[in-house]
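Coordinate analysis (summary)
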There are 2 protein chains.
Amino acid sequence: MEESTHPYIPRDLKLPGYVPVSMSMSSILTIYLSASLFVVSVVWFLFGRKNTKLDKLLMCWWAFTGLTHMILEGYFVFSPEFYKNNTSCYLAEVWKEYSKGDSRYAGRDSAVIAVEGITAVIEGPASLLAVYAIAKGKSYSYVLQLAISLGQLYGCLVYFITAFLEGDNFATNAFYYYSYYIGANGWWVLIPLLISFRCWKKICAAANNVETKPTKKKIR
Amino acid sequence: MEESTHPYIPRDLKLPGYVPVSMSMSSILTIYLSASLFVVSVVWFLFGRKNTKLDKLLMCWWAFTGLTHMILEGYFVFSPEFYKNNTSCYLAEVWKEYSKGDSRYAGRDSAVIAVEGITAVIEGPASLLAVYAIAKGKSYSYVLQLAISLGQLYGCLVYFITAFLEGDNFATNAFYYYSYYIGANGWWVLIPLLISFRCWKKICAAANNVETKPTKKKIR
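Residues numbered from 1 in each chain as written. Chains lettered and ligands numbered in written order. Predicted model: local features only at pLDDT ≥ 70, side-chain atom pairs only at ≥ 80, totals over all residues. Heavy atoms only, no water.

1. Notes on the overall build of chain A
Defined as follows: A run of H or I in DSSP becomes a helix once it reaches four residues, and a run of E becomes a strand once it reaches two; helices and strands are each numbered from the N terminus. Burial here depends on accessible area, computed with a 1.4 Å probe over protein chains only, as a share of the maximum for the residue type. Under 20% is buried, over 50% is exposed, and the range in between is partly exposed. Residues are treated as being in contact if the distance between any of their heavy atoms lies within 4.5 Å. Only the protein chains shown count as cover for residues, with accessible areas throughout obtained via the Shrake-Rupley method and a probe of 1.4 Å.
Each helix and strand counted, chain A has six helices and zero strands in total. Traced from its N-terminal end to its C-terminal end, chain A shows the element sequence α-α-α-α-α-α. Judged by the C-alpha coordinates and their principal axes, chain A covers about 75 × 35 × 25 Å. Looking at the 220 residues of chain A, the share that counts as buried comes to 50%. If you take every contact in chain A between residues at least 6 apart in sequence, the share linking residues at least 24 apart comes to 70%. Accessible area for chain A stands at about 10400 Å²; split by element, carbon and sulfur atoms hold 69% of it.

Following this line, the structure appears as structure tokens:
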């Protein structure tokens with residue numbers, strides 16, 4: 001039967017016209033990591049002079065996550081039939097491979113599309129704006145970073161809760177469950193949590209300063 | 001057939017053991033509005049002395065929305081079989097009635113439960129904390145209000161996008177679609193949008209003040 005040729009769980013998921021992934025996991029990962037390393041290096045050296053190391057690290061994160069949201073996740077949102085793609089297009093390969101960790105991607109689960117849509121269309125461009133805001137020391141820098149980070153956390157919550165409610169049985173095997181579904185997404189829980197805490201503290205400190213301590217010192 | 005006794009759309013939604021709503025729409029609405037008016041009045045007069053009118057209005061909103069999140073939405077999240085309830089329990093009646101505007105509530109759609117769960121468990125208590133934060137002029141007041149409002153907006157986006165992706169056919173008729181699904185939820189788009197803009201502006205103003213203009217004046 002055509003439907004059973006795909007490698008995804010649940011086995012009865014219907015994916016008529018499915019074309020198997022043609023790139024190896026290591027090739028897909030190597031391309032993603034080297035492209036990301038390239039972006040991070042460009043940002044690091046481009047904004048090297050005036051900014052602190054932490055600011056540069058944050059700019060690297062926002063550039064990396066913003067491009068991931070816009071390019072990778074944007075492709076997923078607007079390519080409902082990526083699993084039929086037979087051109088070895090890299091972006092289709094990524095999602096065919098990732099669907100082994102969560103078949104709701106291939107299956108076009110509406111909660112996944114909603115979260116990915118918000119991430120790609122709103123949080124992606126906002127992340128690139130955060131790079132600019134940090135570089136230029138804009139007054140909205142912290143509040144923008146907080147807003148995007150909270151959005152990423154909200155998205156992860158919806159993503160994990162809906163999978164749990166539907167039986168948490170969308171991974172091909174335990175390896176893909178822990179490396180793709182938990183491992184890859186874990187970074188988008190951990191880093192937004194850290195950034196949220198920092199920005200929250202900075203914003204409260206600024207509010208406190210305005211209320212009680214007149215000072216010209218710029219908070220960092 | 002038992003399944004066809006419920007009034008919801010789609011007609012093939014399975015709700016075995018469904019007990020029809022026993023209260024009238026006007027009774028349900030009257031109880032909700034008078035309980036809300038009571039809460040709003042208590043907050044308005046309790047925090048009457050030291051706060052501006054806008055602050056008092058905001059505290060009323062946060063008390064109203066916080067209790068709605070915790071009590072109404074909390075009941076929904078943790079009562080998967082509310083549609084079988086035969087005790088005329090008010091909270092079950094609310095959700096039986098509201099399901100005429102969006103049957104995904106009676107049908108336990110996982111995206112709806114995820115959003116309502118986050119709203120009831122995180123945003124509900126946080127909203128009550130916002131009442132306290134405004135009353136006491138806490139430094140985290142604006143950032144907390146912004147965070148909750150953005151959460152409410154994100155939740156509404158997921159709520160509307162998932163319905164759209166699944167065919168937008170969950171209302172018993174146009175009246176329920178526009179009054180319950182659009183009308184009732186519209187307030188949780190409009191007010192969080194207004195609060196987000198205001199808090200964003202206040203936070204940026206505080207950051208600007210810290211950076212450039214030393215002043216003892218508390219921003220309002």
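There is more to say after this.
2. A short note on the relation of the copies chain B and chain A
The line we're drawing: Our superposition of the copies is a least-squares fit, built on the C-alpha atoms of residues whose pLDDT is at least 70 in both.
Under the fitted operation, chain B is carried onto chain A by 0.0 Å of movement along the axis and a turn of 180°, and the coordinates agree to an RMSD of 0.0 Å. Expressed as an axis order, the relation between the two copies is that of a two-fold axis. Both copies contact each other with a shared surface, as 100% of the interface residues of chain B are interface residues in chain A too.

3. A closer look at the UniProt feature "transmembrane region" (unreviewed entry) in chain A
All names here are of chain A. Operational definition: UniProt positions are given in the numbering used here, feature names are shortened, and annotations may be inferred rather than shown by experiment.
Sites flagged by UniProt as "transmembrane region" (unreviewed entry) map to residues 25-47, 59-78, 111-135, 142-165 and 177-195. Across residues 25-47, helical content stands at 96% and strand content at 0%; the span's end C-alpha atoms are separated by 33 Å. The annotated region residues 59-78 carries 100% helix and 0% strand content, and the separation between its end C-alpha atoms amounts to 27 Å.

4. Here we look at the interface of chain B and chain A
What counts is decided by this rule: By convention, the term buried area covers the 1.4 Å-probe accessible surface removed from two parts as they join, with the contributions of both added. Salt bridges are counted wherever a side-chain nitrogen of Lys or Arg sits within 4 Å of a carboxyl oxygen of Asp or Glu. The definition of a polar contact used here is a pair of N or O atoms within 3.5 Å, where within protein one atom must be able to donate a hydrogen and the other to accept one, and adjacent residues in sequence count solely through side-chain atom pairs. Three categories are distinguished: nonpolar for Ala, Val, Leu, Ile, Met, Phe, Trp, Tyr, Cys and Pro, charged for Asp, Glu, Lys and Arg, and polar for the others, with Gly belonging to the last.
If you look at the interface, chain B gives 42 residues, while chain A gives 42 residues. Here chain B packs against chain A, burying approximately 3400 Å² in sum over the two surfaces, 77% of which is carbon and sulfur. For the chain B face of the interface with chain A, the top three residues by lost area are Ser139, Tyr154 and Val210 of chain B, together amounting to 21%. If you look at where chain B meets chain A, you find zero salt bridges. At the boundary of chain B and chain A, one finds two residue pairs in polar contact (both at pLDDT 80 or more). Going through the elements one at a time, helix H4 (110-135), helix H5 (141-165) and helix H6 (174-211) of chain B are the ones with two or more residues in the side of chain B that touches chain A. The element that contributes the greatest number of residues to the side of chain B that touches chain A is H5 of chain B, accounting for 13 residues. Its residues assigned to classes, the side of chain B that touches chain A comprises 25 nonpolar, 11 polar and six charged.

5. A few points about the packing of aromatic side chains
All names here are of chain B. Which entries qualify depends on this criterion: Within 6.5 Å between ring centres, the rings of Phe, Tyr and Trp (the latter by its six-membered ring) count as paired, and their orientation is classed by plane angle as stacked under 30 degrees, edge-to-face over 60, tilted in between.
Under the counting rule described, the total for this entry stands at 45 aromatic pairs over all chains. Taking 5.3 Å as the distance between ring centres and 45° as the angle between the ring planes, the aromatic pair formed by Phe76 and Trp95 counts as tilted. Of the two residues, Phe76 is situated in helix H2 (residues 53-78) and Trp95 in helix H3 (residues 90-98); the sequence distance between them amounts to 19 residues. Accessibility classification places Phe76 together with Trp95 in one group, the buried group. Their ring planes at 5° and their centres at 4.9 Å tell us that Trp95 and Tyr105 sit as a pair that is stacked.

6. Remarks on the pattern of salt bridges
Residue and element names in this part refer to chain B. Under the counting rule described, the total for this entry stands at eight salt bridges over all chains. Residue Glu97 pairs with Lys100 through a salt bridge whose shortest N-O separation is 2.9 Å. For Lys100, a relative accessible area of 12% puts it in the buried group.

7. Considerations on a positive patch on the surface
What counts, and what does not: Each patch is built from salt-bridge-free residues with over 30% relative accessible area, joining like charges within 9 Å and nonpolar side chains (Val, Leu, Ile, Met, Phe, Trp, Tyr) within 5 Å. Think of it this way: Lys and Arg go in the positive column, Asp and Glu in the negative one, and His and the chain ends go nowhere. Here the site of a charge means atom NZ of a Lys, CZ of an Arg, CG of an Asp or CD of a Glu.
Together, Arg49, Lys50, Lys136 and Lys138 of chain A make up a region of like positive charge exposed at the surface. If you trace the backbone, Lys136 of chain A turns up in helix H4 (residues 110-136).

8. Quick look at the confidence of the model for chain A
All names here are of chain A. Our working definition: pLDDT runs from 0 to 100 and stands for how confident the predictor is about each residue.
Predicted confidence across chain A gives a mean pLDDT of 93, with 94% of residues reaching 70 or more. Per-element confidence in chain A ranges from a low mean pLDDT of 95 for helix H6 (residues 174-211) to a high of 98 for helix H5 (residues 141-165). Taken together, the stretch residues 214-220 has pLDDT below 50 and engages in 24 contacts with residues farther than four places along the chain or on a different chain. Listed scores for the predicted complex are pTM 0.94 and ipTM 0.93.

9. Notes on the packing of H4 of chain A against H5 of chain A
Residues and elements named next belong to chain A. Formally: Interaxial angles span 0 to 180 degrees and are taken between N-to-C directions of axes, which are lines fitted to C-alpha atoms, for helices over the stretch in contact. Angular relationships are summarised with four words: roughly parallel below 35 degrees, roughly antiparallel beyond 145, roughly perpendicular across 65 to 115, and oblique for the angles in between. Crossings are assigned a handedness: left-handed for a near helix turned anticlockwise from the far helix by less than a right angle, right-handed for a clockwise turn.
It is the contact of H4 with H5, at a shortest axis distance of 9 Å, that shows an interaxial angle of 160°. Relative to H5, the element H4 is oriented roughly antiparallel. Crossing of H4 against H5: the hand is left-handed. Together, Ala111, Val112, Val115, Glu123, Ala126, Ser127, Leu129, Ala130, Ala133 and Ile134 of H4 and Ser141, Leu144, Gln145, Ile148, Gly151, Gln152, Gly155, Val158, Tyr159 and Thr162 of H5 make up the contact between the two elements. Its residues assigned to classes, the contact of H4 with H5 shows 12 nonpolar, seven polar and one charged.

10. Some remarks on the UniProt feature "domain: EXPERA" (unreviewed entry) in chain A
Here, the residues flagged by UniProt with the feature "domain: EXPERA" (unreviewed entry) are residues 54-196 of chain A. What you have in residues 54-196 of chain A is 76% helix and 0% strand, and the ends, taken at the C-alpha atoms, are 15 Å apart.

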